[in-house]
Structures are given as C-alpha cells and as structure tokens.
Amino acid sequence: MRLSDDQFRRYHRHILLPEVGEEGQHKLLQARVLIVGAGGLASAAGYYLAAAGVGTIALIDDDTVDLGNLQRQIVHSTETIGQPKVLSARKTLETLNPDVTVVPIQQRLSEENVYDLIKSYDIIVDCSDNFPTRFLVNDTCIAVGKPLVTGAVVKFEGQVSVVIPGEGPCYRCLFEAPPPPDAFPAHEDGLLGALPGVVGSLQAAEVFKLILSLGETLKGHLLIY
C-alpha cells in the first residue's frame, strides 16, 4: 500500500533517510504502542510518536488534568483542566496527526487488566510515576515477551532503559524489589519542567529504533541524564 500524497509530504524527512524510507514509514504506521501514564513523560513520548506516524497509540491513566500539571505535561492545556488526561491527550495527538489512532484507556493499570493490555500491543512505554506500576509493567512484559522502554524523572535527573525479554537484563535486575509504599512520593518532589520532555523524547527515540530495527537500543544499559 502506497503512502498518500499528504502522507508523503508529512513524512518526507523520514523518507529521505535511507535507513527509514517508505518501507520504514509503513512500519511506523502499522505499529501499536501502549504508553502507561499520560503525564510529563507521556506528553513528550506521545507527541513524537504521533508526529512520526505511529499508527496506534494507547494511553492508560485514570487521572484528570490539573493546573499544576501544565508546567511539564505539554500534551494538556488550560482548556482541558478537569478532563480525563487520556481524553485530553487524545484530542492533542489526533489534532497533530490525523493518521494516528489514539486509544484512551481511562483506568489505572492493575493486575486485573495488565496482561490483556500488554499482550495487545507491540511495544510498551512505561511513563508511570510510581514503583508498583513500574514493577508490574516490567514483570508482565517479561512474562508475555513484549519489549519495554522505561523512563523515570525526579528533580533534575532522568533515567531511560530498554528491556528486551530473553535478550538482557530487566528493570527488576537493576532494582530487585519496590521500595516501601510512598517512600518517594512523586507529588512531594520538585521537578524541572523541561526534564520530562528530554527523557520522554529519548523514550520515543528508543521506540523508533525498535520499530525500524535501527541503530543500537539501550538494551542492557541505563542512561542517566
């Protein structure tokens, strides 16, 4: 199936790259990515995945947009305060690129829904802000064999890594068990507004590498920014 004229113009700078080309753009358009969370990391990751034409992007989050989110969560706006974050993000991303289908899942990720959700997507991007969710996502990705791009931010520091089940270490290899509940409450720490943008963009870049089989991923590495 050929790209339309509009798609060719939209993705022209991708197509100019021999390592991507039209074939690679088709891979992006056919890809299915699940983003866990719809906050700061998800804002940047989601923006760039949508802009690049990743065909299906699901977002799972049960929170609503608050004024205090807007310092860093650029997928939302003053107009969407009070709305579910997943619906606010869907509006933004589908406005940016109508090629993309955004699937809003207004739920909290849990042991009851995690397996069915993760099995349904090609790549999982963990943009959550708490340790129980990070461990739940990691363990499920290992169990069902799905690649995971995980990111985290606090204050002035961010981390990114990639987990490929069966091909290297996972999140639990680095951090054996979650810390006590509320040991590091995200809402009580300051956070430089641009930091989630940097780390979320790095997560998007790792997703592109996985979809396009391009370059070297952060598998087996922890990038600290």
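Owing to the predicted nature of the structure, the values given are computational and were not obtained by experimental measurement. The residue numbering used here restarts from 1 in each chain and proceeds along that chain's sequence as written. Reporting in this predicted model follows two pLDDT cut-offs: at least 70 for local features of residues, and 80 or more for side-chain atom pairs to be given and counted; totals over whole chains, interfaces and linings ignore these cut-offs and use all residues. As a convention, hydrogens and water are excluded, and side-chain values are obtained from all of the structure's heavy atoms.

Participant: Describe the sheet that holds strand 4 (residues 123–126), listing the residues and the values that go with them.
Facilitator: Pairing between strands requires that DSSP locate at least two bridges from one strand to the other. Each helix is a run of DSSP H or I of at least 4 residues and each strand a run of E of at least 2, with the numbering of both proceeding from the N terminus. Strand order across the open sheet formed by 7 strands is 3-2-1-4-5-6-7, with mixed pairing between neighbours. Each having just a single partner strand, strand 3 (101–105) and strand 7 (222–224) make up the two edges of the open sheet. Each strand axis lies, on average, 15° off the axis of its neighbour in the sheet, ignoring direction. Strands strand 1 (32–36), strand 4, strand 5 (148–154) and strand 6 (157–163) of the sheet are contacted by helix 7 (residues 131–144), whose axis makes an angle of about 170° with strand 5. Between N-to-C directions, angles cover 0 to 180 degrees, with each direction set by a line fitted to C-alpha atoms, over the stretch in contact for helices. Contacts are assigned to residue pairs with any non-hydrogen atoms lying within 4.5 Å of each other.

Participant: Tell me about the environment of Tyr-115, and name the residues and values.
Facilitator: As for its position among the elements, Tyr-115 is in helix 6 (residues 114–119). Separated by 104 residues in sequence, Tyr-115 and Lys-219 have C-alpha atoms that sit 22 Å apart. Sequence-distant contacts of Tyr-115, defined by excluding residues within four places in its chain, comprise Thr-140, Ala-143 and Val-144.

Participant: Explain the environment of Ile-123 to me, and be specific about the residues and the numbers.
Facilitator: The topology assignment puts Ile-123 in strand 4. Once you skip the residues sitting within four places of it in the chain, Ile-123 turns out to touch Arg-32, Val-33, Leu-34, Pro-147, Val-149, Val-207, Leu-210 and Ile-211.

Participant: Explain the packing of helix 4 (residues 40–52) against helix 9 (residues 195–212) to me, using residue names and the numbers behind them.
Facilitator: As a packed pair, helix 4 and helix 9 sit with axes 7 Å apart at the nearest point and diverge in direction by 40°. On the basis of their axis angle, the class for helix 4 and helix 9 is oblique. As for the relative orientation of helix 4 and helix 9, their crossing is right-handed in sense. Together, Gly-40, Leu-41, Ala-44, Ala-45, Tyr-48, Leu-49 and Ala-52 of helix 4 and Pro-196, Gly-197, Val-199, Gly-200, Ser-201, Gln-203, Ala-204, Val-207 and Phe-208 of helix 9 make up the contact between the two elements. A class-by-class count of the residues in the contact of helix 4 with helix 9 yields 11 nonpolar, 5 polar and no charged. Small angles under 35 degrees read as roughly parallel and large ones over 145 as roughly antiparallel, with 65 to 115 read as roughly perpendicular and the rest as oblique. Handedness of a crossing is defined here by the sense of rotation of the near helix relative to the far one, left-handed for an anticlockwise turn of less than a right angle and right-handed for a clockwise turn. Classes in brief: Ala, Val, Leu, Ile, Met, Phe, Trp, Tyr, Cys and Pro nonpolar; Asp, Glu, Lys and Arg charged; the others, Gly included, polar.

Participant: Give a detailed account of the packing of aromatic side chains, specifying residues and quantitative values.
Facilitator: Any pair of Phe, Tyr and Trp rings, taking the six-membered ring for Trp, is counted once the centres come within 6.5 Å. Such a pair is stacked with planes under 30 degrees apart, edge-to-face with planes over 60 apart, and tilted for the rest. Taken as a whole and judged by the stated rule, the model has 2 aromatic pairs. Between Phe-135 and Tyr-171, the aromatic rings sit 5.1 Å apart at their centres with planes inclined by 80°, giving edge-to-face as the arrangement. Taken together, the positions of Phe-135 in helix 7 and Tyr-171 in helix 8 (residues 171–174) put the pair 36 residues apart, joining distant regions of the chain. Ring centres 5.1 Å apart and planes at 50° place the aromatic pair Tyr-171 and Phe-175 in the tilted group. Counting every residue linked through ring pairs, the aromatic cluster contains Phe-135, Tyr-171 and Phe-175. Both a distance and an angle decide whether a charge sits over a ring: NZ of Lys or CZ of Arg must be within 6 Å of the ring centre and within 35 degrees of the ring normal. The aromatic ring of Tyr-121 is capped on one face by Arg-32, whose charged end is 4.6 Å from the ring centroid. Over the ring of Phe-131 we find Arg-134; its NZ or CZ atom is 4.9 Å from the centre of that ring.

Participant: Could you give an account of the environment of Leu-210, with specific residues and numbers?
Facilitator: Here Leu-210 lies in helix 9. Setting aside chain neighbours within four positions, we find Leu-210 in contact with Ile-123, Pro-147, Val-149, Val-162, Ile-164 and Thr-217.

Participant: Lay out the pattern of salt bridges with the relevant residues and their values.
Facilitator: Salt bridge criterion: a side-chain nitrogen from Lys or Arg within 4 Å of a carboxyl oxygen from Asp or Glu. Under the counting rule described, the total for this entry stands at 7 salt bridges. For Arg-9, the salt bridge is made with Asp-6, and the minimal N-O distance between the two is 2.3 Å. Within this pair, Arg-9 and its partner Asp-6 are both found in helix 1 (residues 5–10), separated by 3 residues, close to a single helical turn. With a relative accessible area of 57%, Arg-9 lands in the exposed category. Here Asp-62 makes a salt bridge to Arg-108, at a shortest N to O gap of 3.9 Å. Note that Asp-62 is positioned in the loop between strand 2 (56–60) and helix 5 (85–96) and Arg-108 in the loop between strand 3 and helix 6, a separation of 46 residues in sequence. Residue exposure (1.4 Å probe, protein chains only): buried if accessible area is under 20% of the type maximum, exposed if over 50%, otherwise partly exposed.

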